[in-house]
Amino acid sequence: MTVLVTGAAGFIGYHVSEALLARGERVIGVDILNDYYDVNLKFARRDRLMRHDAFEFIKIDIGDREAMNALAAANPDITTIIHLAAQAGVRYSLENPFAYIESNVIGHLVMLEMCRNMKGLEHFVYASSSSVYGGNTKLPFSVDDPTDTPVSIYAATKKMDELMSHSYSHLFGIPATGLRFFTVYGPWGRPDMAAYIFLDAIFAGRPIPVFNNGEMMRDFTFVDDIVKGILAVADGPPSGDGAPHRVFNIGNNRSEPLMRFIEMIEKAAGRKAEIDFQPMQPGDVPATYADISAIQNEFGFEPSTSIDEGIPRFVEWYREYHGMDRN
Ligand SMILES: NC(=O)c1ccc[n+]([C@@H]2O[C@H](COP(=O)([O-])OP(=O)(O)OC[C@H]3O[C@@H](n4cnc5c(N)ncnc54)[C@H](O)[C@@H]3O)[C@@H](O)[C@H]2O)c1
């Protein structure tokens, strides 16, 4: 089968593409390679994918209707789309909300319109986020919990993706699955996310900013677990009467105190962090914790990497990528 992966030069898109290629699929990767974070990291991921003959990279803005439709018309063998391109990040959505509307709302609509016209398409899988749960205080977060009180424009755009996907699925019978990711970390991870920010600061001897005085809990999910879940879901499109659209949580099903996460990073880095406690950030939530029973029951999804195992693997990659001495 041929799989279209959007956001292929991004953190999760890179790993998903590698996994698809490893199992013999043909992959078309799309990414705009924007500079939201260090673009060299995106180039490096893309270049690794381009070593595979079965990988083709196309630089396109998913909001460009003509370009996306031309891509679909030129590749009638695409059976699956794994749509991960987005403007990510909660905090940046307070600074540049339009980037979120352009990529996550207009871009998502362009993707759905494209799906509508693709005769051979069997499944549209797309990224949502745990942030749709907003200020929900009931833990763990279940897919049946209300998600109509987003606390950032990022969260609002991800909820909108779910709503738009449902309506397209209902109107045009497009089999679609939304996945609510919970704080993903691991090798080739994002420089704007906690694990990378903390490690960078520890190695540079800078204090690390810790919000809400460290009273935060996160369902940290190792990227290899997420990838296994995405592929299992991609292989099982929803069917049946009504809108063939489902939404699942995909997390580690364990909520860790942020301070324990930091301790693991200190241990793997072999250095102590200097901690700069700060108040809660607007748009942030104090805790995330995924109830994954639905995806467990339906797809046998079982995350197996604890932070005790995953953090050292992330730190090892970081040292190698930055050409650091291992000692
Ligand atoms: N990493 C996480 O913890 C996490 C958590 C929840 C949800 N998500 C979602 O998962 C998906 C992948 O996240 P990630 O961590 O790999 O982020 P990422 O920023 O590393 O990857 C996203 C990629 O999309 C590309 N992109 C952005 N706008 C585009 C556009 N208009 N056209 C084409 N390409 C565009 C970017 O250049 C980037 O390479 C996103 O939808 C994100 O919102 C991630």
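Because the structure is a prediction, the values reported are computed rather than measured.

Peer 1: So what's going on with the sheet that holds strand β1 (residues 2-6)? Which residues, and what values?
Peer 2: Spatially, seven strands are ordered β3-β2-β1-β4-β5-β6-β11 in an open sheet, and the strand pairing comes out parallel. Every interior strand has two partners, whereas the edge strands, β3 (55-59) and β11 (245-250), have only one. Sheet twist, expressed as the average angle between the axes of neighbouring strands with direction ignored, equals 20°. With respect to the sheet, helix α6 (residues 153-172) is in contact with β5 (123-129), β6 (176-181) and β11, its orientation differing from that of β5 by roughly 155°. Packed on one face of the sheet, helix α8 (residues 223-234) meets β4 (78-83), β5, β6 and β11 and runs near 165° to β6.

Peer 1: Give a description of the site of the ligand that names residues and reports values.
Peer 2: Taken together, 29 residues lie around the ligand, and D31, Y37, Y154, K158 and V184 are the ones closest in. Here an oxygen atom of the ligand sits 3.4 Å away from a polar atom, N or O, in the main chain of N34. Taken by itself the ligand offers 820 Å² of open surface, and the protein chains cover 97% of this. Broken down by element, the residue count for the shell around the ligand peaks at three residues, all from β5. Looking at the shell around the ligand, its residues break down into 17 nonpolar, seven polar and five charged.

Peer 1: Requested: an account of the packing of aromatic side chains, with residues and values cited.
Peer 2: Under the definition given, this model contains 24 aromatic pairs. Ring plane angle 70° and centroid distance 5.3 Å describe the contact between Y196 and Y318, whose orientation is recorded as edge-to-face. You can see Y196 sitting in helix α7 (residues 194-204) and its partner Y318 sitting in helix α11 (residues 307-321), a full 122 residues away along the chain. Across this residue pair, the class does not change: Y196 and Y318 are buried. Through a chain of ring-to-ring contacts, three or more aromatic side chains come together here, namely Y14, W188, Y196, F203, F314, W317, Y318 and Y321. Positioned over the ring face of F57 is R46, at 5.6 Å from the centre of the ring.

Peer 1: Report on a nonpolar patch on the surface, specifying residues and quantitative values.
Peer 2: Together, I101, I106 and I153 make up a nonpolar patch on the protein surface, roughly 220 Å² of accessible area in all. The residue I106 is located in helix α5 (residues 97-116) in this model.

Peer 1: Residues and numbers for the pairing of β1, please.
Peer 2: Counting buried residues in β1 gives five out of five residues, a clear majority hidden from the surface. Residue alternation in β1 divides its side chains into two sets, T2, L4 and T6 and V3 and V5, and both sets are buried. Summarising the sheet, β1 and strand β2 (residues 26-31) pair through five bridges and their orientation is parallel. Considered in β2, the bridge of T6 is made with V30. Running through helix α1 (residues 11-22), the crossover from β1 to the neighbouring parallel element β2 is right-handed.

Peer 1: Explain the packing of α7 against helix α9 (residues 258-269) to me, using residue names and the numbers behind them.
Peer 2: One can describe the packing of α7 onto α9 by two numbers: an axis separation of 10 Å at closest approach and a directional angle of 45°. With respect to their mutual orientation, α7 and α9 come out oblique. Two packed elements cross with a definite hand, and for α7 against α9 that hand is right-handed. Residues A194, A195, F198, L199, I202 and F203 of α7 pack against L258, F261, I262, I265, E266 and A269 of α9. Split by residue class, the contact of α7 with α9 holds eleven nonpolar, no polar and one charged.

Thresholds, definitions, all that
- Residues numbered from 1 in each chain as written.
- Predicted model: local features only at pLDDT ≥ 70, side-chain atom pairs only at ≥ 80, totals over all residues.
- Heavy atoms only, no water.
- Pairing = 2+ DSSP bridges.
- Helix = DSSP H or I, 4+ residues; strand = E, 2+ residues; numbered from the N terminus.
- Axes fitted to C-alpha atoms, helices over the stretch in contact; angles between N-to-C directions.
- Contact = heavy atoms within 4.5 Å.
- Near = heavy atom within 4 Å.
- Polar contact = N/O pair within 3.5 Å; in protein donor to acceptor, adjacent residues only side chain to side chain.
- Areas by Shrake-Rupley, 256 points an atom, 1.4 Å probe, with all protein chains shown as cover.
- Nonpolar A, V, L, I, M, F, W, Y, C, P; charged D, E, K, R; others polar.
- Phe/Tyr/Trp six-rings, centres within 6.5 Å; stacked < 30°, edge-to-face > 60°.
- Buried < 20%, exposed > 50% of the residue type's maximum accessible area, 1.4 Å probe, protein only.
- Lys NZ or Arg CZ within 6 Å of the ring centre and 35° of its normal.
- Patch = residues over 30% accessible without salt bridge, like charges linked within 9 Å, V, L, I, M, F, W, Y side chains within 5 Å.
- Salt bridge = Lys/Arg side-chain N within 4 Å of Asp/Glu carboxyl O.
- Right-handed = clockwise from strand over helix to strand, strands pointing away.
- Parallel < 35°, antiparallel > 145°, perpendicular 65-115°, else oblique.
- Left-handed = near helix turned anticlockwise from the far one by under 90°.

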